[in-house]
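Chains, contacts and geometry: an overview
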Amino acid sequence: MFTAIGKMVDNWMGQVGGATNMVRSCLYWLGHARFEFKQFIQQSVTIGVDSFSVTAMTSLFTGMVLALQGGNTIGNIFGDPIYVGTLVTFSLIRELGPVLTAVVISGRAGAAVTAHIGTMAVTEQLDALYTLGTNPTRYLVLPRMAAFLFSVPLLTAFSNLFGVFGGYLVAVHALGIPGEVYMTDVTAFMGVKDFMHGFLKSFVFGFLVATVCCYKGVSTRGGAEGVGKSTTGAVVTCIVMILVLDYFLTAILTAFKI
Amino acid sequence: MIEIKHLQKSFGARQVLRDVNLKIEDGKVTTILGGSGTGKSTLIKCMIHLMDATGGQILLNGRDITRVTDPMRLAVIRRHFGYLFQEGALFDSMTVGDNVAFGLRYLTEIPVEKYPEVIKEKLAMVGLEPDVAKLNPSELSGGMRKRVSLARVLAISPKCILYDEPTTGLDPIMSDIISDLILEMKHKLGITSVVITHDMRSAFKISDYLAFLYDGRIMLYGTPDDFRKTDNPYVRQFVDGSSQGPIKMRLRD
């Protein structure tokens, strides 16, 4: 049993080391070669288009269910569904928006990135990049990292808007809260630090999804089966790490009063 | 000239190349023969730094290029070599034209406006019509993929092309066409070629020199005539394509 645990830890450490090297290589190429701007734009559009509708739908219904549950619970305790807008907005902007968006993006765009790079790896296309004078990190990984870092916070912002709107629909039409009251509750207690809290999280999650998905893709071995394993592995790793990291980020950001 | 001295390559505990010594003459076609899994691809991948050798030396015109890590120096080495992958390794997400032009951006000073001209010229060199440039790699047959891949290599004007099983998976006529292309590159452009193949017919047709890799070492190096006349039982068995002989016996041990 200890051997198995040892092997697992060794394998995990190897992957962390490999991913760290890849990030270091990205920084090297960022400073030493022309940035692949066309690739960055293409990837940003792909990630945005791929994930927008899914993140919007997820957030819309999350906002709706938050309003419904929150409104009913508060109504049962205080007699009136008060501060529903505040509850929905705080939950979304500080917590659920960044987490759910990152989870959805890892399952949609992240999986696509791993599958694409993984297929290139098993068909020697990554080796072909080397022989044609470039580097997979420079040509494929760096633009995708940048695209995730740009797209995830942006999609999180949109997803927050959809969530707040979902809450509005339920608050006004199901709970009978006047629209003005809901909107006042939304903005009343919201400060810049709350936006920063959510933004920093989404930025870190973007980095995490990009690193895991690109690394899993680049390190793919073993034909079609390998591509499948890498893709599944990338998504599972992303989801677990997003949830784990979320706790520690919340603890750190709260300690810094953000 | 490329000189390989005492080259070694291991994958964990498994030593694939034990002590490879080989000279590759400029402007000639050198073919490396050997059974599956003997390390032929590993050898040429070490030459172009797709793999790092565990020991020994690779000298390019007298300069040791075995352990170069600086990306700029690596780019210079890669400009010297072109690599034709077994399955072509064409980029699926690009058209044939973009594939052919890909290396121009990184390895040459040719301005972007000239790319269509270069694409047309290189496709013509491998016997393909200019219209092929608009196709996607998935629309090409095996032979066409190999030719497009060769056009992509030729676009960067390498001094030496490494061919990884260029005729594998092709019908005999297409195999012969690819063999003719290799010879054409040698005669017209003076390109040095290192070819890995199992196809003895093609090997005898194109090669100036042959090397037989066995058990991590070059067992025999010589001209096609030397290989035809050799009484080395290992080489004899391989050249004749016989299931009976020391190679099989060795496997049974």
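Residues numbered from 1 in each chain as written. Chains lettered and ligands numbered in written order. Predicted model: local features only at pLDDT ≥ 70, side-chain atom pairs only at ≥ 80, totals over all residues.

Regarding its fold elements, chain A presents 8 helices and 0 strands. Order of helices (α) and strands (β) in chain A, N terminus to C terminus: α-α-α-α-α-α-α-α. When its C-alpha atoms are laid out on the principal axes, chain A stretches across 70 × 50 × 35 Å. A separation of at least 24 residues holds for 88% of the contacts in chain A among residues at least 6 apart in sequence. (Helix = DSSP H or I, 4+ residues; strand = E, 2+ residues; numbered from the N terminus. Contact = placed C-beta atoms within 7 Å.)

Summing up its helical and strand segments, chain B has 10 helices and 10 strands in all. Residue burial in chain B is summarised as follows: out of 253 residues, 44% are buried. Considering only residue pairs separated by 6 or more positions, chain B has 65% of its internal contacts joining residues 24 or more positions apart. (Buried ≥ 20, exposed ≤ 12 C-beta atoms within 10 Å, placed from the backbone.)

Each partner contributes residues to the interface: chain A has 10 residues there, and chain B has 15 residues. When its residues are assigned to classes, the side of chain A that touches chain B shows 3 nonpolar, 5 polar and 2 charged. (Nonpolar A, V, L, I, M, F, W, Y, C, P; charged D, E, K, R; others polar.)

Attention now moves to the nonpolar core. If you look at soluble globular proteins, the nonpolar side chains tend to sit buried side by side. Ranked by internal contacts, the top residues of the largest apolar core, which has 132 residues, are A:V209 and B:L162. In terms of residue count, the dominant contributor to this core is helix α3 (residues 84-122) of chain A (17 residues). What B:L162 contacts, discounting residues up to four positions off in sequence, is B:I44, B:M47, B:I48, B:F81, B:Y83, B:L84 and B:V194. (Core = buried A, V, L, I, M, F, W, Y, C linked by C-beta atoms within 7 Å.)

Moving on to the packing of helix α5 (residues 136-173) of chain A against helix α6 (residues 179-188) of chain A. In a pair of packed helices, the angle between the axes and the distance between the axes together describe the arrangement. Residue and element names in this part refer to chain A. For the pair α5 and α6, the least separation of the axes is 9 Å and the interaxial angle reads 145°. When the axes of α5 and α6 are compared, the crossing they make is right-handed. Across the interface between the two elements, V164, Y168, A171 and V172 from α5 touch G179, Y182 and V186 from α6. For the contact of α5 with α6, a count of residues per class yields 6 nonpolar, 1 polar and no charged. (Axes fitted to C-alpha atoms, helices over the stretch in contact; angles between N-to-C directions. Left-handed = near helix turned anticlockwise from the far one by under 90°.)

Time to look at the pairing of strand β2 (residues 14-24) of chain B. The side chains of a regular strand alternate, first on one face of the sheet and then on the other. All names here are of chain B. Both strand β1 (residues 2-11) and β2 contribute to a ladder of 7 bridges, which runs antiparallel. Counterpart to E3 in the pairing with β2 is K23. Hairpin remark: β1 followed by β2, antiparallel, with 2 residues in the connecting loop; positive phi at G12, about 65°. (Pairing = 2+ DSSP bridges.)

Phi is positive for A:K257, which is not a glycine, with a value near 60°. The topology assignment puts A:K257 in the segment after α8 (223-255). Residue class for A:K257 comes out exposed when judged on the 7 C-beta atoms lying within 10 Å of it. For B:H49, which is not glycine, the phi torsion reads 70° and is therefore positive. Here B:H49 lies in the loop between α1 (40-47) and β4 (55-60).

A separate point is the confidence of the model for chain B. All names here are of chain B. On average, residues of chain B carry a pLDDT of 90, and 98% of them reach 70 or more. The least confident element of chain B is helix α10 (residues 246-252), whose mean pLDDT is 61; the most confident is strand β3 (residues 29-33), at 95. This complex was scored by the predictor with a pTM of 0.89 and an ipTM of 0.88. (pLDDT = per-residue confidence, 0-100.)

Residues and elements named next belong to chain B. The pairing of β1 with β4 spans 5 bridges and is antiparallel. Its bridge partner being in β4, I4 is matched across the sheet by I58. Alignment of β4 against strand β5 (residues 63-64), held across 2 bridges, turns out to be antiparallel. The residue of β5 that forms the bridge with L59 is D64. As consecutive antiparallel partners, β4 and β5 are separated by 2 residues, and within that stretch N61 has a phi angle of approximately 50°, a positive value.

Time to look at α8(A). Residues and elements named next belong to chain A. Between its terminal C-alpha atoms α8 stretches 47 Å, which fits the 48 Å expected from 33 residues at 1.5 Å a residue. For α8, the set of buried residues is V227, S230, T231, A234, V235, T237, C238 and I242. The inward-facing, buried residues of α8 contact α3 and α7 (192-218). Within two residues after α8, K257 carries a phi angle of roughly 60°, on the positive side. (Expected span 1.5 Å × (residues − 1).)

So, about the environment of A:T20. All names here are of chain A. Position of T20 relative to the elements: it lies in helix α1 (residues 2-32). A count of 12 C-beta atoms within 10 Å places T20 in the exposed class. The spatial distance from the C-alpha of T20 to the C-alpha of F150 is 20 Å, given a sequence separation of 130 residues.

This part covers helix α5 (residues 142-155) of chain B. Residues and elements named next belong to chain B. In this model, α5 (14 residues) spans 20 Å end to end at C-alpha, consistent with the 20 Å of a helix rising 1.5 Å per residue. Of all the 14 residues making up α5, 12 are buried; the element is thus mostly covered by neighbouring parts of the structure. Taken together, the buried positions of α5 are occupied by M144, R145, K146, R147, V148, S149, L150, A151, R152, V153, L154 and A155. Looking at the packing, one finds that the buried side of α5 touches β6 (81-84), α3 (96-107), α4 (115-125), β7 (160-164) and α6 (172-189). At the C-terminal side of α5, S157 shows a positive phi close to 45°.

It is worth spelling out the environment of B:N21 at this point. All names here are of chain B. You can see N21 is positioned in strand β2. The class of N21 is partly exposed, set by 15 C-beta atoms lying within 10 Å. Taking the C-alpha atoms as reference points, N21 and T230, separated by 209 residues in sequence, lie 20 Å from one another. In contact with N21, not counting residues within four places along its chain, are I4, K5, H6 and I218.

All right, on to the environment of B:G88 then. All names here are of chain B. Residue placement: G88 occurs in the loop between β6 and α3. Given 23 C-beta atoms within a 10 Å radius, G88 is considered buried. A C-alpha to C-alpha distance of 26 Å links G88 and M1, two positions 87 residues apart in sequence. Apart from residues no more than four positions distant in its own chain, G88 is found in contact with R145, K146, V148 and S149.

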